[in-house]
Amino acid sequence: HCSNGRAVAHFLKEHPKVEKVYWPGFETHPNHLIAKKQMRDFGGMISFVLKDADLKKTFEIASSFQVFSLAESLGGVESLVNHPVTMTHASIPKPERDKAGVVDNLLRLSLGVEDIEDLLDDLKRALGEK
C-alpha cells in the first residue's frame, strides 16, 4: 500500500496533465512533518488536480480506469478512484467545495496492493498516454 502510494505520487507529480498532487510524503505538503512523526510511511491516499480539465473531462477520466475501481469508499486492498465533486462531496454547494479545494478537476486515489506496473499502466491509459 505504502510503496504503491509512493510510486504513484511521484508519477503523478511529474505528469504533464497533473497540476497538483496532495500526498503527505512530499516535503511541500503542509502536514508533512506531522505525518512523518505519526506514521512509519506516508500511505496510499493521494488526491490530485488535473490540468485544464473541466468537470465532464475529469469524470470521463475517473470512469476510464480498468484496474482502479470507481467507488466512494476509501477501500481495502484494491485500488479505487473517487471523483469527490460528483460523489462524496456532491451535496456541498460549489462555492464551499471550491473554498475547501474540492474542485471539479480533483480526483482521489486509494492505492491497494496490486502490482505497481499494472497501476501505473492504468494511470497512463486513463490520462491518455497509452
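All values reported here derive from a predicted model rather than from experimental measurement.

## Thoughts on unusual backbone geometry
Part 1: At Asp 52, a residue that is not glycine, the phi angle is positive and equals roughly 55°.
Part 2: Mapped onto the elements of the fold, Asp 52 is located in the loop between β2 (45–50) and α3 (55–63).

## Comments concerning the sheet that holds strand β3 (residues 69–70)
Part 1: Spatially, the 5 strands line up as an open sheet ordered β1-β2-β5-β4-β3, and their pairing is mixed. Either end of the sheet is taken by a strand with one partner, and the two such strands are β1 (18–22) and β3.
Part 2: The pairing of β3 with strand β4 (residues 80–82) spans 2 bridges and is classified as parallel. Following the sheet pairing, Ser 69 is matched in β4 by Leu 80.
Part 3: Where helix α1 (residues 2–14) meets the sheet, its contacts fall on β1, β2 and β5 (106–110), and the angle it forms with β2 comes to roughly 15°.

## A few points about the side chain of His 83
Part 1: Here His 83 lies in the loop between β4 and α4 (94–99).
Part 2: By relative accessible area, His 83 is classed as buried at 0%.
Part 3: Engagement of the side chain of His 83 in a polar contact is seen with the backbone oxygen of Asp 104, the distance being 2.9 Å.
Part 4: The contact partners of His 83, leaving out residues within four places of it in the chain, are Leu 55, Thr 58, Phe 59, Ala 62, Asp 104, Leu 106 and Leu 107.

## Points about α1
Part 1: A rise of 1.5 Å per residue sets the reference length of α1, with its 13 residues, at 18 Å; its end C-alpha atoms lie 19 Å apart and thus fit the reference within 8%.
Part 2: Lining the buried residues of α1 we find β1, β2, β5 and α5 (116–126).

## Focus on the pairing of β2
Part 1: Of all 6 residues making up β2, 5 are buried, and the element is well covered by its neighbours.
Part 2: The sheet contact formed by β1 and β2 spans 4 bridges and is antiparallel. By the bridge assignment for β2, Val 21 is matched with Phe 48.
Part 3: Two strands pair when backbone bridges link them, and β2 and β5 are joined in this way by 5 bridges, in the antiparallel orientation. Bridge assignment links Phe 48 to a residue of β5, and that residue is Leu 107.

## Considering the pairing of β5
Part 1: Extensive coverage of β5 is indicated by the burial of 4 of its 5 residues.
Part 2: In terms of strand pairing, β4 meets β5 through 3 bridges, oriented antiparallel. Looking at β5, one finds that Leu 80 is bridged to Ser 110.

Rules used throughout
Residues numbered from 1 in each chain as written. Predicted model: local features only at pLDDT ≥ 70, side-chain atom pairs only at ≥ 80, totals over all residues. Heavy atoms only, no water. Helix = DSSP H or I, 4+ residues; strand = E, 2+ residues; numbered from the N terminus. Pairing = 2+ DSSP bridges. Contact = heavy atoms within 4.5 Å. Axes fitted to C-alpha atoms, helices over the stretch in contact; angles between N-to-C directions. Buried < 20%, exposed > 50% of the residue type's maximum accessible area, 1.4 Å probe, protein only. Polar contact = N/O pair within 3.5 Å; in protein donor to acceptor, adjacent residues only side chain to side chain. Expected span 1.5 Å × (residues − 1).

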